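# Residue-level structural notes
One letter stands for each residue in the lines below.
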Amino acid sequence: MDAANEHNDHQLLAGLEKNVGRLVEQLSECRKENELLKSEVLSLQNILRSFKLPGTEGAEVQVPGTSGEGFSYADKLQIKQKLVMILQKIERELRGEKAGF
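Residues numbered from 1 in each chain as written. Predicted model: local features only at pLDDT ≥ 70, side-chain atom pairs only at ≥ 80, totals over all residues. Heavy atoms only, no water.

Let us look at the overall build of the chain. Scanning the chain for helices and strands turns up 2 helices and 0 strands. The buried share of the chain, taken over its 101 residues, is 7%. In the form shown here, the chain has an accessible surface area of approximately 8,600 Å², with 57% of it arising from carbon and sulfur atoms. (Helix = DSSP H or I, 4+ residues; strand = E, 2+ residues; numbered from the N terminus. Buried < 20%, exposed > 50% of the residue type's maximum accessible area, 1.4 Å probe, protein only. Areas by Shrake-Rupley, 256 points an atom, 1.4 Å probe, with all protein chains shown as cover.)

Further remarks concern the pattern of salt bridges. If you walk through the whole model with that rule in mind, you get 1 salt bridge. For the salt bridge of Glu29 with Lys32, the shortest nitrogen-to-oxygen distance reads 3.8 Å. Linking Glu29 with Lys32, this pair stays in helix H1 (residues 2–50), spanning 3 residues, or about one helical turn. (Salt bridge = Lys/Arg side-chain N within 4 Å of Asp/Glu carboxyl O.)

With that settled, the discussion passes to the confidence of the model for the chain. With 76% of its residues at a pLDDT of 70 or more, the chain shows a mean pLDDT of 78. The low-confidence segment residues 59–68, where pLDDT is below 50, has 11 contacts with residues more than four positions distant or belonging to other chains. (pLDDT = per-residue confidence, 0-100. Contact = heavy atoms within 4.5 Å.)

Laid out in structure tokens, this is it:
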């Protein structure tokens, strides 16, 4: 009976080692994806921070295909608000995924 218990213990241990290996692989993939997402969020934050509203110094944002006309103040404000909402949504989703682990 000791041999049967020892055999079961070895099977259990092998199964646990296999599961731990898979979890380590998943964690590694999640870390890589997390780094990519962080990079994208930082890029979006930098774009948002560099977005100039009328009356501020710096280059005006130009609409491609227009003859030198920039965005109106209302358009710039609306775009900035949308970017903020997108960044907040991304942050909530990232925090939600972290809580899921």
